[in-house]
Amino acid sequence: AQSVTQLGSHVSVSEGALVLLRCNYSSSVPPYLFWYVQYPNQGLQLLLKYTTGATLVKGINGFEAEFKKSETSFHLTKPSAHMSDAAEYFCAVSGSGNTPLVFGKGTRLSVIA
Amino acid sequence: DAGVIQSPRHEVTEMGQEVTLRCKPISGHNSLFWYRQTMMRGLELLIYFNNNVPIDDSGMPEDRFSAKMPNASFSTLKIQPSEPRDSAVYFCASTEADRSYNEQFFGPGTRLTVL
């Protein structure tokens, strides 16, 4: 069984500040990990994913995440927030095979000018 | 390259009416997922199909909900009769089931309002 916990349902940062969105997972098999972003009135869009190999993963729009097995974490970061980053962010985990993604409850990011 | 297509984008109906939501997955994808998103419950998996066959429908809330996938390029989610608590955004997603990891591609969603 797999699960995802996103710490903080709402995060607010100033424009230009560091963005850190936290995600911890539980998985009985080596996980595949994903971050999705949802802009208002839109579907979910893949930001980045970890499958195997390098544990630091770079995605679109300057975001990156690091897979830390010892901490069962996959936190999302961006060095400098932009107003356009305001959205809902979802962390998700999947095992091997055709198992569906298990999503966290999401973190709403607000960026203050 | 068209993504996942959902119709209608918005649906307003009255309690007791039948509602049908439609989804066209990305060509070549053989897994399809239906999700429901609400403020209270977040993103919930309702049902998913592999190669047009329903694999897990344990997320379907009750018998009023049904889903079909008659072919690889079309799926429907039906609610009959609809109730106000069914108001939500319904997403369809698709992926290639044969890959070792299943990155899902989401449609824009159907916003359902049941009065």
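Look above for the structure.
Note that this is a predicted model, so its numbers are computed, not measured.

Caption draft 1: A look at the overall build of chain B. Per the secondary structure count, chain B includes 0 helices and 11 strands. In sequence order, chain B lays out its α and β elements as β-β-β-β-β-β-β-β-β-β-β. Counting only C-alpha atoms, chain B reaches 40 × 30 × 25 Å along its principal axes. Looking at chain B as a whole, 49% of its 115 residues are labelled buried. Restricting to contacts in chain B with at least 6 residues of sequence separation, those with at least 24 account for 55%.

Caption draft 2: Structural view of the nonpolar core. If you look at the biggest cluster of nonpolar residues, it comprises 27 residues, and the most contacted ones within it are Trp35(A), Leu48(A), Leu76(A) and Tyr89(A). Setting aside its immediate chain neighbours within four residues, Leu48(A) contacts Leu33(A), Phe34(A), Trp35(A), Val57(A), Lys58(A), Gly59(A), Phe63(A), Glu64(A), Ala65(A), Phe74(A) and Leu76(A). Membership of the second largest hydrophobic core comes to 21 residues, among which are Ile47(B), Met69(B), Ile79(B) and Val114(B).

Caption draft 3: Focus on the sheet that holds strand β3 (residues 19–24) of chain B. Residues and elements named next belong to chain B. Pairing within the open sheet is antiparallel, and its 4 strands lie in the order β1-β3-β8-β7. In this open sheet, the two edge strands, each paired with only one partner strand, are β1 (5–7) and β7 (65–71). Neighbour-to-neighbour, the strand axes of this sheet turn through a mean angle of 15 degrees, independent of strand direction. Bridge count between β7 and strand β8 (residues 74–79): 5 bridges; the pairing is antiparallel. Directly across from Lys-68, in β8, lies its bridge partner Thr-76.

Caption draft 4: Expanded view of the environment of His10(B). You can see His10(B) is positioned in strand β2 (residues 10–13). Remark: the alpha-carbon pair of His10(B) and Tyr90(B), spanning 80 residues in sequence, is separated by 10 Å.

Caption draft 5: Main features of the packing of aromatic side chains. Residue and element names in this part refer to chain A. Under the defined criterion, the tally for this structure stands at 13 aromatic pairs over all chains. When the ring of Phe-63 is compared with that of Tyr-89, the centres are 5.5 Å apart and the planes differ by 45 degrees; the resulting orientation is tilted. Of the two residues, Phe-63 is situated in the loop between β6 (56–58) and β7 (64–68) and Tyr-89 in strand β9 (residues 87–94); the sequence distance between them amounts to 26 residues. Judged by relative accessible area, which is 0%, Tyr-89 ranks as buried. Arranged with centres 6.5 Å apart and planes meeting at 85 degrees, the rings of Phe-90 and Phe-103 form a pair that is edge-to-face. Here the residue Phe-90 occupies a position in strand β9, and Phe-103 occupies one in strand β10 (residues 102–103), the gap between them amounting to 13 residues.

Quick notes on the rules
- The numbers attached to residues start from 1 for each chain and follow its sequence in the written order.
- As they are written, the chains are lettered A onward and the ligands numbered 1 onward, keeping that order.
- Owing to the predicted nature of the model, reporting of local features is limited to residues with pLDDT of at least 70; listing and counting of side-chain atom pairs is limited to 80 or more, with chain, interface and lining totals taken over all residues.
- Remark: hydrogens and water are excluded; side-chain values derive from all non-hydrogen atoms of the structure.
- Strands here mean DSSP runs of E at least two residues long; helices mean DSSP runs of H or I at least four residues long; both are numbered from the N terminus.
- Exposure categories follow from relative accessible area, calculated using a 1.4 Å probe and restricted to protein chains: below 20% of the type maximum is buried, above 50% is exposed, and the middle band is partly exposed.
- By the convention used here, residues are in contact when the closest approach between their heavy atoms is within 4.5 Å.
- For this analysis, a nonpolar core means a set of buried residues of the types Ala, Val, Leu, Ile, Met, Phe, Trp, Tyr and Cys, connected via side-chain atoms within 4.5 Å.
- At least two bridges found by DSSP between two strands is the condition for calling them paired.
- Helix axes are fitted to C-alpha atoms over the stretch in contact, other axes to C-alpha atoms as well, and angles between N-to-C directions run from 0 to 180 degrees.
- Pairing of aromatic rings covers Phe, Tyr and the six-membered ring of Trp, with a centre-to-centre limit of 6.5 Å; geometry is then stacked below 30 degrees between planes, edge-to-face above 60, and tilted otherwise.

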